[in-house]
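These are the residues of each chain, in order.
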Amino acid sequence: MHVRDLTLTNFRSYPGASLTLSPGVTTLLGRNGQGKTNIIEAIGYVATLGSHRVASDQPMVRFGEDSAIVRSTVIRDGRESLVELEIIPGKANRARLNRSPAGRQRDVLGTLRTVLCP
Ligand SMILES: Nc1ncnc2c1ncn2[C@@H]1O[C@H](COP(=O)(O)OP(=O)(O)O)[C@@H](O)[C@H]1O
Ligand SMILES: [Mg+2]
């Protein structure tokens, strides 16, 4: 399984960011506070619909914005799945799997599985 694409909109420090990743190991290099952990948090959010850092959604939305979007294409056994999550503090978050609205947000759980070693 690998995360091939990750696109962030108003997620934490990122107004917009788009990454394409290869199978295997990816190392994020950057200054303190540059946004490395924010990317790990976004990938973790796709996997768990939660954050390893905070208990509520608001801190994940860029300061001054109303909502954040995390989009990820996950490759598993040669098949790709597109997970799109909209984080809207104070309202119901929205989730789409392969461009169809998920009946329940948690229907996207299991598409991506991650292990976090703090
Ligand atoms: N909700 C937010 N809106 C805007 N910037 C944020 C938000 N949350 C965190 N940041 C910024 O993200 C940066 C921290 O990013 P982080 O991924 O933890 O850095 P690092 O590269 O050290 O892991 C800080 O500059 C912080 O101000
Ligand atoms: Mg960090």
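All of the points below concern the structure found in this document. (Residues numbered from 1 in each chain as written. Chains lettered and ligands numbered in written order. Predicted model: local features only at pLDDT ≥ 70, side-chain atom pairs only at ≥ 80, totals over all residues. Heavy atoms only, no water.)

1. With respect to the site of ligand 1
Okay, step 1: Around ligand 1 lies a shell of 15 residues, among which G33, K36, T37, N38 and R53 are the nearest.
Okay, step 2: N38 has a polar backbone atom sitting 2.7 Å from an oxygen atom of ligand 1.
Okay, step 3: In this structure, P59 approaches ligand 1 through a main-chain N or O atom, which is 2.9 Å from a nitrogen atom.
Okay, step 4: Contact with the protein chains hides 77% of the accessible area of ligand 1, taken as 580 Å² for the molecule alone.
Okay, step 5: Partitioned by chemical class, the residues of the shell around ligand 1 number three nonpolar, seven polar and five charged. (Near = heavy atom within 4 Å. Polar contact = N/O pair within 3.5 Å; in protein donor to acceptor, adjacent residues only side chain to side chain. Areas by Shrake-Rupley, 256 points an atom, 1.4 Å probe, with all protein chains shown as cover. Nonpolar A, V, L, I, M, F, W, Y, C, P; charged D, E, K, R; others polar.)

2. Regarding the pairing of strand β3 (residues 68-76)
Okay, step 1: Looking at chain direction, strand β1 (residues 2-11) and β3 are connected through seven bridges and run antiparallel. Across the sheet, L8 pairs through a bridge with V70, a residue of β3.
Okay, step 2: Bridge analysis of β3 against strand β4 (residues 79-87) gives nine bridges, and the strand direction is antiparallel. Considered in β4, the bridge of I75 is made with E80. (Pairing = 2+ DSSP bridges. Helix = DSSP H or I, 4+ residues; strand = E, 2+ residues; numbered from the N terminus.)

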